[in-house]
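# Structure at a glance
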Amino acid sequence: MRILKSIAVAFSMYSRIPMPRFNWASEDMKYHLIFFPWVGAVIAVIEYLWLLFCQQFGLTHTVFSIIVLAIPIIVTGGFHIDGFMDTSDALSSWGDKEKRLEILKDSHVGAFAIIRLITLGLILFAAILTLNLNGFLAWCFTLFAVRAVSGICVVRYKKAKSEGILNTSAETASDKVVMFCLAIQFIICAVIAGIYFQWYWTIGLLAIFISLIYYIYTAYSKFGGITGDLAGWFVCMAETFSAVAIALYTVLR
């Protein structure tokens, strides 16, 4: 029952997929991060089903790529994009760490957030449009892997704030168990994807780790630690960067 509740908490927090409602206790939050990557797995499965649909009915690559971009937004409700936009505004400011953290809490959307989101979307659209079948399927595996890495970061790294959803997730989590389970899931994902997609996956995985290094550097140097918004920013950046890297390999191979 505790596992089922943890799954429900994870999908309720990080997606818009309907889940049973109940009063959350700290015990229910303890292991929910373990199931965070499975939100990415659901997105990946839907992306694959959309691919099959397009192949069956002969829809154009443009239509296919547009809906590929829309599926994660529909499933998550734009949860990570909100963090990306808030972080973009904060990074565009000339203030100190405290000022940047204040901007993260501001509900208003700045011009830089919109500009960067449009730019990110166009880049991801171009990358998806360029991918071949193996490249696209390898990218789908990154949706799981990125969330596993993000979950490990939530537990492992210093927090910039003492409040917020990310801090609550970290405080209630059983650190060693959560990190171990996320690491095992990541390794299994990496091995399976590596066997089937080889260099496509290797390039995508390298892009994830480069994104991770940049994420931690930015979080510590600009904000004094990670936040929920920064975690969302990382997910968006890593998914896009991995798609771009795989697309470049597709073109150059």
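In what follows, the structure referred to is the one given above.
The structure reproduced in this document is the subject of the present report. (Residues numbered from 1 in each chain as written. Predicted model: local features only at pLDDT ≥ 70, side-chain atom pairs only at ≥ 80, totals over all residues. Heavy atoms only, no water.)

Below, the discussion takes up the overall build of the protein chain. Within the protein chain one finds eleven helices and zero strands. The globule rule puts the C-alpha radius of gyration for 253 residues at 18 Å, and the 18 Å found for the protein chain is close to it. Considering only C-alpha atoms, the protein chain reaches an extent of 50 × 50 × 30 Å along its principal axes. Burial statistics for the protein chain: of 253 residues in total, 49% are counted as buried. Expressed as a percentage of contacts within the protein chain between residues at least 6 apart in sequence, the contacts between residues at least 24 apart total 77%. (Helix = DSSP H or I, 4+ residues; strand = E, 2+ residues; numbered from the N terminus. Rg over C-alpha atoms; globule rule 2.2 N^0.38 Å. Buried < 20%, exposed > 50% of the residue type's maximum accessible area, 1.4 Å probe, protein only. Contact = heavy atoms within 4.5 Å.)

This brings us to the packing of aromatic side chains. Under the defined criterion, the tally for this structure stands at 15 aromatic pairs. Aromatic side chains W50 and F53 sit 5.6 Å apart centroid to centroid with 15° between the ring planes, which places their arrangement in the stacked category. On the criterion of helical spacing, the pair formed by W50 and F53 is a turn pair, its members being three residues apart in helix α3 (residues 37-57). Judged by centre distance (4.7 Å) and plane angle (45°), the ring pair of F53 and F57 falls under tilted. Placement of the pair is F53 and F57 together in helix α3, with a separation of four residues, close to one helical turn. Classification of F57 as exposed rests on a relative accessible area of 55%. A connected cluster of aromatic rings, assembled from ring pairs, spans F141, Y196, F197 and W201. Above the ring of Y157, the side-chain terminus of R156 is found at 5.3 Å from the ring centroid. (Phe/Tyr/Trp six-rings, centres within 6.5 Å; stacked < 30°, edge-to-face > 60°. Lys NZ or Arg CZ within 6 Å of the ring centre and 35° of its normal.)

Attention now goes to the pattern of salt bridges. The full count for this structure, using the stated rule, is one salt bridge. Here R147 makes a salt bridge to E239, at a shortest N to O gap of 2.6 Å. On the criterion of sequence distance, the pair formed by R147 in helix α8 (residues 133-156) and E239 in helix α11 (residues 228-252) is long-range, its members being 92 residues apart. Here R147 matches E239 in class, with each residue buried. (Salt bridge = Lys/Arg side-chain N within 4 Å of Asp/Glu carboxyl O.)

The biggest cluster of nonpolar side chains holds 75 residues, and the ones touching the most others in it are F64, I128, F136, W139, W201, Y215 and F234. Considering every element that reaches this core, the biggest residue donor is helix α10 (residues 175-223), with 16 residues. Not counting residues up to four positions away in its chain, the partners in contact with Y215 are C153, I226, L230, A231, W233 and F234. (Core = buried A, V, L, I, M, F, W, Y, C linked by side-chain atoms within 4.5 Å.)

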